[in-house]
Amino acid sequence: MERKMTEQELVGSFFDAMRYGHIYAVYQPKMNHSTGRMIGAEALMRWRDPENGMQYPGDFIPVLEKNDLISRADLHVFEVVCRFQRKCLDMEVPCVPISINMSRYDIYRKNYTDEIETIRQRYEIPVDLLHVEITESSAIGGMELVSSVLEDLHHRGYTVEMDDFGSGYSSLNVLKDLDVDVIKLDMRFLSGKVGGRGGTIISSIVQMTKWLGTPVVAEGVETVEQADYMKSIGCSYIQGYLYSKPIEEPEFLQKLRQLDHEPVVAAMDLINTMNSCRFWDPNSLETLIFNQYVGGAAIFSYQRGKVEILRVNQKYMKELGMNMTEKEILGCDPWMWFDEENHKRYEDAMLNAIHSRDEVTSESWRTLCSTICGTGRVCVRSEIRVIGQAGDQYLFYCLVKNITAEKKRYDAMYDSELRFKAAFEQINVYAWEYTFSNKQMRPCFRCMRDLGLPAVVDNYPEPLIRDGIIPLDYADMYRNLLRRLENGEDVPPTIVPLTVGRVPFTFRYTIERDENGKPLKAFGSATIVLDDKKCE
Ligand code: C2E
Ligand code: CA
Ligand code: CA
């Protein structure tokens, strides 16, 4: 018969309960929902009294806390887990890391970490098979104390998980100040429909933690819908009734024998130019910049050829122009969008960025598919840069610009350039195209041939001034002329002498504008002044 024991009964039988194994641990698997594999487990305390049956943590833990017995109980569970891991190691059953709960009273206890360390060493358990869960509410007693215990645990090699994340309103601040290795996000604290406010909070937390490289385990996951939702926002680690209730040791051992498991991913090191706390903080300038000011931006990870988009801002979706939802973007394999040639070009750019640690620009066509717009082909200019690394996994920051229209115009221009090539030759016209945004000038074949220009002249017109093609005394006038064009002014034909021979040419410019009238490019031409007048 099951009966809830009184405080007095619990306290009275506590030491015997430990001695006779009435207080013991059950195990709840943590799963990777993407692969269906077990990645770890949590040990949960149980108390089965021979006379009164099962007692539940919700009832007996507060009693133990009140009577200053909780640390004894936690050390007992720690030892039970070590004994279990020892058994698995000896029997060569595959092991997974098992987390043990640390109460906030354990944190106040001075040599708690020494005590667990002694037990671990007695059973000779590798430290990576034991994780420690501390709850967010531990920080209530003071951040310094928790920080120092955390540091101590790290120093001894333990992986520390922040339990019950999302239970308090101070969550974000706590996480910012505590350097935990894994975050456990409890779905029950953020319940409601997954698409609603709870969903928004979860998604932004997961996105922020992804950015930091801190793995998230979603706890209390009961439905496939919840699990799929978590996966769609980039969190695949799940603990909850959906996969398994906490189970007794023999059944858990059986599961370990059957199930494949995998190591929990290493935390990502952010490259030191980035301040990870500020990046993570939703109120920081970095986050504000990401969301508001940078244009289309995305964070994605790259590992052995596989790409996963972790975070995009609103402007990213707008820039792609296909009315895709965040979910559509985060949930898919981006390589799907690329044909072989463009895939290769993009991946080469990524490898180049990894190698050079510098910003690399790449232009690529992709075929996007959205529920609203169907499929469409867009050309995107991406500026990518590595911002983090964990083993062979890289984190990229990417700025995108949709250049489809520009590209199509350029292609048309290229065609017409071919067509007019012969004509130019006959009528002695030099022609070129100048793009305001990047100060690039693309000369026609005649300019290239007669003036020795490359196919693309960067920082136009400076190289021509430097090389004496535009004489020094005309340099400022010419720079000014380009500025006026950039401001949208229609500049009348202007005579400029060229080369040391100071041969006079008439320069004409036509401005091309975008749909809002903003100048994009200027098409320039130069024809020789026929009356042989020299410019002094
Ligand atoms: P917790 O650390 O957050 O543990 C997770 C609790 O959620 C467990 O309850 C687990 O059985 C329950 N749970 C897991 N998946 C689901 C789900 O899908 N739906 C629902 N509704 N519940 C789910 P449990 O075992 O009753 O433990 C309750 C709390 O007692 C724990 O919360 C923890 O704070 C505390 N506790 C348990 N074992 C220990 C221990 O060894 N030491 C200490 N200090 N506290 C412990
Ligand atoms: Ca826990
Ligand atoms: Ca929890």
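Reference entry: report on the structure contained in this document. (Residues numbered from 1 in each chain as written. Chains lettered and ligands numbered in written order. Predicted model: local features only at pLDDT ≥ 70, side-chain atom pairs only at ≥ 80, totals over all residues. Heavy atoms only, no water.)

### Regarding the pattern of salt bridges
Counted under the stated rule, the structure contains 34 salt bridges. The closest approach of N and O atoms between Glu 133 and Lys 184, which form a salt bridge, is 2.6 Å. With Glu 133 in strand β5 (residues 130–135) and Lys 184 in strand β7 (residues 182–186), this residue pair connects regions lying 51 residues apart in the sequence. Owing to a relative accessible area of 0%, Lys 184 belongs among the buried residues under this scheme. (Salt bridge = Lys/Arg side-chain N within 4 Å of Asp/Glu carboxyl O. Helix = DSSP H or I, 4+ residues; strand = E, 2+ residues; numbered from the N terminus. Buried < 20%, exposed > 50% of the residue type's maximum accessible area, 1.4 Å probe, protein only.)

### Here we look at the layout of surface pockets
Each pocket or cavity is described by its volume, and for the second largest pocket that value is around 950 Å³. In terms of lining residues, the second largest pocket is bounded by 36 residues, among which Glu 42, Leu 44, Asn 101, Asp 163 and Asp 164 are the most central. Breaking the lining of the second largest pocket down by element, the ones donating at least two residues are β2 (37–49), α2 (57–66), α3 (70–91), β4 (98–102), β5 and β6 (159–165). Of the residues assigned to the lining of the second largest pocket, the class counts are 14 nonpolar, 10 polar and 12 charged. (1 Å grid on protein atoms, 1.4 Å probe; cavity = no way out; pocket = protein on both sides within 12 Å on 5 of 7 lines; lining within 4 Å. Points joined across faces, edges and corners; volume = space filled by probe spheres on them. Nonpolar A, V, L, I, M, F, W, Y, C, P; charged D, E, K, R; others polar.)

### Details of the coordination of the calcium ion (ligand 3)
Protein-derived ligands of the calcium ion (ligand 3) are Asp 163 (OD), Asp 164 (OD), Glu 219 (OE) and Glu 219 (OE), with the metal-ligand distances lying across 2.3 to 2.7 Å. Mapping the donors of the calcium ion (ligand 3) onto the primary sequence yields the spacing D-D-x54-E. (Donors = N, O, S within 2.8 Å, 3.2 Å for Na, K, Ca; no water.)

### Here's the deal with the site of ligand 1
Inspection of the region around ligand 1 gives 22 residues, with Arg 46, Asp 74, Arg 188, Glu 222 and Tyr 241 positioned closest. One of the side-chain nitrogen or oxygen atoms of Gln 28 is found 3.0 Å away from a nitrogen atom of ligand 1. At 3.0 Å from an oxygen atom of ligand 1 is found a side-chain nitrogen or oxygen belonging to Asp 163. Expressed as a share of its isolated accessible area of 800 Å², the protein-covered part of ligand 1 is 83%. (Near = heavy atom within 4 Å. Polar contact = N/O pair within 3.5 Å; in protein donor to acceptor, adjacent residues only side chain to side chain. Areas by Shrake-Rupley, 256 points an atom, 1.4 Å probe, with all protein chains shown as cover.)

### Some details on the side chain of Ser 362
Relative to the elements of secondary structure, Ser 362 occurs in strand β13 (residues 360–370). Note on Ser 362: relative accessible area 5%, which makes it buried. Setting aside anything within four residues of it in sequence, one finds Ser 362 in contact with Arg 345, Tyr 346, Ala 349, Val 380, Arg 381 and Ser 382. (Contact = heavy atoms within 4.5 Å.)

### Considerations on the packing of helix α1 (residues 7–19) against α3
Two quantities define a packed helix pair, namely the angle between the axes and the distance from one axis to the other. Viewed as axis vectors pointing N to C, α1 and α3 meet at an angle of 10 degrees, and their least axial separation amounts to 11 Å. When the axis of α1 is compared with that of α3, the two are roughly parallel. Between α1, through Phe 14, Phe 15 and Met 18, and α3, the contact on the second element is made entirely by Arg 72, Ala 73 and His 76. When the residues that make up the contact of α1 with α3 are grouped by side-chain class, the tally is 4 nonpolar, 1 polar and 1 charged. (Axes fitted to C-alpha atoms, helices over the stretch in contact; angles between N-to-C directions. Parallel < 35°, antiparallel > 145°, perpendicular 65-115°, else oblique.)

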